[in-house]
Amino acid sequence: MKVLNCTTPGHFEYQDKPEPASRAGYSLLRIQKVGICGTDLHAYKGRQPYFEYPRILGHEVAAEYVSGDAPDIRPGDLCTFLPYISCGSCIACRSGKTNCCSRLVVCGVHLDGAMAEYYLVPSPLIIPGENLSEDELALVEPMSIAAHAIRRAENIKGKQVLIFGAGPIGMCTSILALQAGAVVGLADVHAGRLAFASSFYSIHTFLNRDPSHFINEVRNWTNGDMAPVVIDATGNLQAIESGLQYLAHGGQFILVGLQKEAFHFSHPEFHKREATLKSSRNATRKDFIRVRDLIKNKTLSVDPLITHRIPFGVVAKQFETLYDPGNLVMKAVIEF
Ligand SMILES: [Zn+2]
Ligand SMILES: [Zn+2]
């Protein structure tokens, strides 16, 4: 079978490898679509900390089920899977928080991912497709990350939620927040991304170019209260450190984006709000099933998110174009 291996930062190589052999406890998948994630874009550029090469990338998958012992699925059915392998015995796993397992292994990060014609996954990770399209299945993973962030924010119905970053995770989070009944504001420095967001979804957008203008806009939008929930989906240090000033008293600040530096807040600013700060990492099976069912019931519309499609055979040649801001990539999908 053909695989696409990221041999060193900035270099992809198509290689022939033997098809993985089925074994007990695992399921064999024929890959149909793979969504390209920020993780893949950073890994290819060598900007992903603790990343080892060579590595086959890809963890946002729509696949045909070939064989194995996963329940509720038959050969020929479509599916996706949770790309997070949790240990099942650490303190986080014992309390059901498999998403932040202390020994978590992520497919396409710590071990080879799905940019390959066939892929073998532990059967308990399989999520049956239940009539979702291949496009929809490829979007279940990023939507689940967002669903988890919204779950971390708890009761947001009727509340104003201010989301920073109109990239794929910020967009997915906005969509899930809308679905949960929130009033969504989305801030970004790129006008093109905001135009994309507001053309498909009823989201209030903020062009965050001039901080003093922006804070006034948020103040007006919230009637002077500021936002009861602020979610950072930029993974940008400056955005995270400045995020607190947009938070209402008694509010919650959720970090779904990740960067690698220490961040600082003014303690009095944090204290006077009695603010709650939470991180949101990956997603659980419950989030995946919820997203799949919301898409299945037509409660969530995710199709607008796919803006670019690349045939598997030309990914190596076309990957660089995904970094060009002028191309306005929201979600690019590899097609097999
Ligand atoms: Zn992803
Ligand atoms: Zn664990």
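This structure is a prediction, so every number in the text was calculated from the model and none was measured.

1. Overview of the packing of aromatic side chains
- A full pass over the atoms with the stated rule returns 19 aromatic pairs.
- Considering the side-chain rings of Tyr44 and Phe319, the 4.9 Å spacing of their centres and the 65° angle between planes classify their relative orientation as edge-to-face. Within this pair, whereas Tyr44 is found in helix α1 (residues 38–44), its partner Phe319 is found in the loop between α11 (315–318) and β17 (331–335), the two being separated by 275 residues in sequence.
- Taking relative accessible area as the criterion, Phe319 reaches 0% and is therefore assigned buried.
- Ring plane angle 40° and centroid distance 5.9 Å describe the contact between Phe253 and Phe265, whose orientation is recorded as tilted. Within this pair, whereas Phe253 is found in strand β14 (residues 247–255), its partner Phe265 is found in the loop between β14 and α9 (267–272), the two being separated by 12 residues in sequence.
- Residue Phe253 is classed as buried on the basis of its relative accessible area of 2%.
- Its relative accessible area of 22% is what places Phe265 among the partly exposed residues.
- These aromatic residues form a ring-pair network of at least three members: Phe164, Phe206, Phe214, Trp221 and Tyr246.

2. Thoughts on the coordination of the zinc ion (ligand 2)
- Of the protein atoms, only Cys87 (SG), Cys90 (SG), Cys93 (SG) and Cys101 (SG) coordinate the zinc ion (ligand 2), at distances of 2.3 to 2.4 Å.
- Relative to the metal, the four donor atoms surrounding the zinc ion (ligand 2) lie at angles of 103 to 117°, and the coordination shape comes out tetrahedral.
- Binding-site remark: the zinc ion (ligand 2) is held by donors from one chain whose sequence spacing is C-x2-C-x2-C-x7-C. For the pair Cys93 and Cys101, a shared accessibility class is recorded, and that class is buried.

3. Examining unusual backbone geometry
- Tyr53 connects to Pro54 through a cis peptide bond whose omega is -5°.
- Position of Pro54 relative to the elements: it lies in the loop between α1 and β4 (60–68).
- A positive phi angle, close to 60°, is found at Lys298, a residue other than glycine.
- Looking at the element boundaries, Lys298 is found in the loop between α10 (285–296) and β16 (306–311).
- On the basis of relative accessible area, Lys298 is assigned to the exposed category, the value being 67%.

4. Brief notes about the sheet that holds strand β11 (residues 183–188)
- Overall, parallel pairing links the six strands, which are arranged β12-β11-β10-β13-β14-β15 in an open sheet. Of all the strands in the sheet, the pair left with one neighbour each is β12 (204–207) and β15 (276–279). Taken over all neighbouring pairs, the strand axes of this sheet differ in orientation by 20° on average, direction set aside.
- Those strands touched by helix α5 (residues 168–179) are β10 (160–164), β11 and β13 (227–232), and its axis lies near 165° from that of β11.
- In the packing of helix α7 (residues 211–221) onto the sheet, contacts are made with β10, β11 and β12, and the angle to β12 comes to roughly 160°.

5. Describing the side chain of Asp188
- Along the chain, Asp188 falls in strand β11.
- Buried and without a salt bridge, Asp188 has Arg193 as its closest oppositely charged side chain, separated by 4.5 Å.
- A polar contact of 2.8 Å, which involves the side chain of Asp188, links it to the backbone nitrogen of His190.
- Sequence-distant contacts of Asp188, defined by excluding residues within four places in its chain, comprise Gly165, Ala166, Gly167, Arg193, Leu194, Phe206, Leu207 and Asn208.

Conventions used here
Residues numbered from 1 in each chain as written. Chains lettered and ligands numbered in written order. Predicted model: local features only at pLDDT ≥ 70, side-chain atom pairs only at ≥ 80, totals over all residues. Heavy atoms only, no water. Phe/Tyr/Trp six-rings, centres within 6.5 Å; stacked < 30°, edge-to-face > 60°. Helix = DSSP H or I, 4+ residues; strand = E, 2+ residues; numbered from the N terminus. Buried < 20%, exposed > 50% of the residue type's maximum accessible area, 1.4 Å probe, protein only. Donors = N, O, S within 2.8 Å, 3.2 Å for Na, K, Ca; no water. Tetrahedral: all angles 85-135°; square planar, octahedral: opposite > 155°, others 65-115°. Pairing = 2+ DSSP bridges. Axes fitted to C-alpha atoms, helices over the stretch in contact; angles between N-to-C directions. Contact = heavy atoms within 4.5 Å. Lys, Arg positive; Asp, Glu negative; His and termini not counted. Salt bridge = Lys/Arg side-chain N within 4 Å of Asp/Glu carboxyl O. Polar contact = N/O pair within 3.5 Å; in protein donor to acceptor, adjacent residues only side chain to side chain.

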